[in-house]
Amino acid sequence: MVSENIRRSRRRVVVTGFGAVTPVGLTFDATWEAFLAGRSGVAEISTFDTSDLPTSIAGQVKDFDPTVHMPRTIARRMDSYAQYAMAAAVQAQQMAKLEIDEDDADRVGVLIGSGYGAVNSIDGFSVTIRQKGPRAISPYAPITGAIDSAAGEISMALGAQGPSRAISSACATGTDALGEAARWIQFGVADAVVVGGADNCVTRVDLAGSGNARALSRRVDAPQEASRPFDEDRDGFVMSAGAGVLVLEEAERAQERGATILAEVLGYGCSSDAYHWTAPQPE
């Protein structure tokens, strides 16, 4: 709990930029247009064999070229989830017109959450070492497979020298990242934070595990109607990939530099029932 005295002294936090990479669009604008048009990004999985899996549908990011947002040499050492995060971060920085120089670099942080992390790359490394042996594993493998690789790559690419961290709290990861980043600004740890969430957990292992738990939709005959969480006929969720990133800033700083303020973060709270992996505490 935050004491009332500290609560009253909190600085205001505003949003000045955002970016997205999703199954329905490679930018925020494209994604929003698809939302308004009612288009779904769920379809048959196209990147691996699903014939023996409980379901064959997912929300995959399509036609994504990481080199649009980063040099090829950097993209090659990144898992796809981190590439999506980088692309969304670059979009958010450009929208916010956030210039980071040596005078304020240590006041700009990066916080990128991921529920699953670099599972595609880790899976690939496991196959490679079994088939080809240890010498075939890239020396970048420990970096690529780390859950903080997205935050680290983004901080280096943007020159942000403040706090650089990852966070993971399952389905709440993106919201938790946003809330924690807002607290950094509220309590003076940073003046601006590039913050968001990213995942690409569309793998055979993750589909098998979640499918065997009967958590995934099996509406393979109508994949675009499969994601319906509040419908009485829902039959599970749909595994998907993508990233969303915001630029948060201290309000006076944003106003002084003439940034367009898109929203304000007024508060954040989190808790745990400490009861069950997925079921809420009955009381």
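Here the structure is a predicted model, which is why all the values come from computation and not from measurement.

Chemist: In this structure, what is going on with the nonpolar core? I would like to understand it.
Modeler: Side chains of nonpolar character tend, in soluble globular proteins, to be buried together. By size, the foremost hydrophobic cluster in this structure holds 45 residues, and its most contacted members are Ile112, Ile154 and Val194. Put simply, the parts of the chain that give this core at least two residues each are helix 4 (80–96), strand 4 (108–113), helix 7 (149–158), strand 6 (192–200) and strand 7 (241–250). Not counting residues within four places of it along the chain, the set of residues in contact with Ile112 comprises Ala85, Ala150, Ala151, Ile154, Arg165, Ala166, Ile167, Val194, Val195, Gly196 and Val245.

Chemist: I'm lost on a negative patch on the surface in this one. Help?
Modeler: Taken together, Glu99, Asp101, Glu102 and Asp103 make up a surface patch of like negative charges. Given a relative accessible area of 41%, Asp101 falls into the partly exposed group.

Chemist: Sorry, what's going on with the environment of Gly133 here?
Modeler: Along the polypeptide, Gly133 turns up in the loop between helix 5 (119–132) and helix 6 (141–144). With a relative accessible area of 14%, Gly133 lands in the buried category. With 142 residues separating them along the chain, Gly133 and Tyr275 place their C-alpha atoms 42 Å apart.

Chemist: Teacher, can you tell me more about the side chain of Asp176 here?
Modeler: Here Asp176 shows up in helix 8 (residues 173–186). The side chain of Asp176 sits in the buried core without any salt bridge; Arg183 is the nearest counter-charge, 7.8 Å away. Once residues lying within four places of it in the same chain are set aside, the contact partners of Asp176 are Ile167, Ser169, Tyr268 and Cys270.

Chemist: Can you walk me through the sheet that holds strand 5 (residues 164–167) in this structure?
Modeler: The strands making up a sheet are joined through hydrogen bonds of the backbone, oriented either antiparallel or parallel. Taken together, the six strands give an open sheet; going across it, the order is 5-4-6-7-1-8, and neighbouring strands pair in mixed fashion. Here the strands that pair on one side only, and so sit at the sheet edges, are strand 5 and strand 8 (263–265). Sheet twist, expressed as the mean angle between neighbouring strand axes with direction ignored, is 30 degrees. Here strand 1 (residues 13–21) pairs with strand 7 via eight bridges, running antiparallel. Residue Val14 lies in a different strand from strand 7, and its bridge partner there is Glu249. Contacts between helix 8 and the sheet are confined to strand 1, strand 4, strand 5, strand 6, strand 7 and strand 8, with strand 6 contributing the most and set at about 170 degrees to the helix.

Chemist: Would you explain helix 9 (residues 204–212) in this entry?
Modeler: Since the α-helix turns once every 3.6 residues, residues separated by three or four places project in the same direction. When helix 9 is considered as a whole, its buried residues turn out to be Asp206, Leu207, Ser210 and Gly211. What you see down the axis of helix 9 is that its buried residues fit within an arc of 120 degrees, all on one side. Turned more than 90 degrees from where helix 9 packs its buried face, Val205 and Asn212 sit exposed. Where the residues of helix 9 are buried, they touch strand 3 (57–59) and helix 5. Arg214 sits one or two positions beyond helix 9 and adopts a positive phi of about 60 degrees.

Chemist: Explain the side chain of Gln186 here, please?
Modeler: Considering the arrangement of structural elements, one finds Gln186 in helix 8. On the basis of relative accessibility, which here comes to 8%, the residue Gln186 falls in the buried class.

Chemist: What's the story with a nonpolar patch on the surface in this structure? I'm lost.
Modeler: On the surface, a cluster of nonpolar side chains totalling about 380 Å² of accessible area is made up of Trp32, Phe35 and Leu36. Locating Leu36 in the fold gives a position in helix 2 (residues 28–37).

Chemist: Any chance you could explain the packing of aromatic side chains here in plain terms?
Modeler: The description of two aromatic rings rests on the distance between their centres and on the angle between their planes. Per the stated rule, a full pass over the model turns up four aromatic pairs. Their ring planes at 10 degrees and their centres at 6.2 Å tell us that Phe28 and Trp32 sit as a pair that is stacked. Placement of both Phe28 and Trp32 in helix 2 is noted, with a separation of four residues, approximately one turn of the helix. We classify Phe28 as partly exposed; its relative accessible area is 27%. Exposure remark for Trp32: the relative accessible area of 45% places this residue in the partly exposed category. A connected cluster of aromatic rings, assembled from ring pairs, spans Phe18, Phe28, Trp32 and Phe35.

Reading the values: rules and limits
Residues numbered from 1 in each chain as written. Predicted model: local features only at pLDDT ≥ 70, side-chain atom pairs only at ≥ 80, totals over all residues. Heavy atoms only, no water. Core = buried A, V, L, I, M, F, W, Y, C linked by side-chain atoms within 4.5 Å. Buried < 20%, exposed > 50% of the residue type's maximum accessible area, 1.4 Å probe, protein only. Helix = DSSP H or I, 4+ residues; strand = E, 2+ residues; numbered from the N terminus. Contact = heavy atoms within 4.5 Å. Patch = residues over 30% accessible without salt bridge, like charges linked within 9 Å, V, L, I, M, F, W, Y side chains within 5 Å. Areas by Shrake-Rupley, 256 points an atom, 1.4 Å probe, with all protein chains shown as cover. Salt bridge = Lys/Arg side-chain N within 4 Å of Asp/Glu carboxyl O. Lys, Arg positive; Asp, Glu negative; His and termini not counted. Charge placed at Lys NZ, Arg CZ, Asp CG, Glu CD. Pairing = 2+ DSSP bridges. Axes fitted to C-alpha atoms, helices over the stretch in contact; angles between N-to-C directions. Arc of directions from axis to C-beta. Phe/Tyr/Trp six-rings, centres within 6.5 Å; stacked < 30°, edge-to-face > 60°.

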